[in-house]
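Observations on the model geometry
Chain by chain, the residues:
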Amino acid sequence: MRSGLFSRSAASAADFSHLEQASVTFSEVAKRYGDRPVLKGINLSVTPGEVVAILGPSGSGKSTLIRLINQLETLTSGDILIDGKSTRQLSRQALRQLRSRVGFVFQQFNLYSHLTARQNIALALKHVHGWRPAEAETRAEALLAQVGMAEKADHYPEALSGGQQQRVAIARALASSPQIILFDEPTSALDPEMIGEVLMVMKALAHSGITMIVVTHEMQFAREIADRVVFIDGGHILEEAPPEQFFQHPSHPRTRRFLQKVLNPLHPGAV
């Protein structure tokens, strides 16, 4: 009992204002929605600066897994350690610090329609992080330039393509200089022609030293940019391996069936 009280107290008092090691560790993580289990005893470690691609069929628990990291979803049991520190039962201040260190890019862009690209990025800097307006605007402009959107700073979302909106969303996720960034199928809502421009921004980030965990259906990203591929199905991690090994020599039968269907959809039974 005393150790449980101590762990809850330590988590509540944890300081996430800066991460010494931008690592993520899942320890026996489980998630249920009522009687329906979604994740079952997940154990996974992501090292600082690593780029991990999470693959799996729809409904396998991929998105839930990363949404648990910054507590967009709540754990049923287990723990997630960020920088070696528990994230269970955080104080409001500690959770705010955590979310400033862990950026999140959603499937849908979630931009405010009444704000320009620049204003969408500067908003949280001013109202959440306490930046002065001029500094927030300058930071927003620098981030838009970083994602190739400098000339669109004064455009509203309705005037931007899907790929451009997602690049603004990535810039917004980078606004607080996170050390970890999570992507939840960032290209799934895009037209095929728009996917490349978003993947190029993600590729540049992957070479910047930031820790990235990417839920994706983009096999090319997983193969060429990720350091490691994790395959999830039925709430379990069935396989994890470097990309070359994962795609060329998958060990789990379910992984092989998945890759056959995804990489060769006209001949899903072919090896």
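As a starting point, this report considers the structure included with it. Since we're looking at a predicted model, the values are computed, not measured. (Residues numbered from 1 in each chain as written. Predicted model: local features only at pLDDT ≥ 70, side-chain atom pairs only at ≥ 80, totals over all residues. Heavy atoms only, no water.)

Taking burial as the measure, the 5 residues of strand 7 (residues 180-184) include 5 buried ones, the bulk of the element. As defined by bridge partners, strand 6 (residues 102-105) adjoins strand 7 across 4 bridges and the pair is classed as parallel. What sits directly across from valine 102, in strand 7, is isoleucine 180. At this point the chain moves from strand 7, through helix 7 (residues 192-206), to the parallel strand 8 (residues 211-215), and the crossover so formed is right-handed. (Buried < 20%, exposed > 50% of the residue type's maximum accessible area, 1.4 Å probe, protein only. Helix = DSSP H or I, 4+ residues; strand = E, 2+ residues; numbered from the N terminus. Pairing = 2+ DSSP bridges. Right-handed = clockwise from strand over helix to strand, strands pointing away.)

This part is about the sheet that holds strand 10 (residues 236-241). The strand order 6-7-8-3-9-10 describes an open sheet built from 6 strands, whose pairing is mixed. Bordering the open sheet on either side are strand 6 and strand 10, each of which pairs with just one other strand. For this sheet, the mean angle separating the axes of adjacent strands, direction not counted, is 15°. Here strand 3 (residues 51-55) runs beside strand 9 (residues 228-233); their pairing, made up of 4 bridges, is parallel. For isoleucine 54, the partnering residue across the bridge sits in strand 9 and is valine 230. Along the sheet face, helix 3 (residues 92-101) touches strand 6 and strand 7 and points at about 65° away from the line of strand 6. Lying over the sheet, helix 6 (residues 162-173) contacts strand 6 and strand 7, oriented at roughly 165° with respect to strand 6. (Axes fitted to C-alpha atoms, helices over the stretch in contact; angles between N-to-C directions. Contact = heavy atoms within 4.5 Å.)

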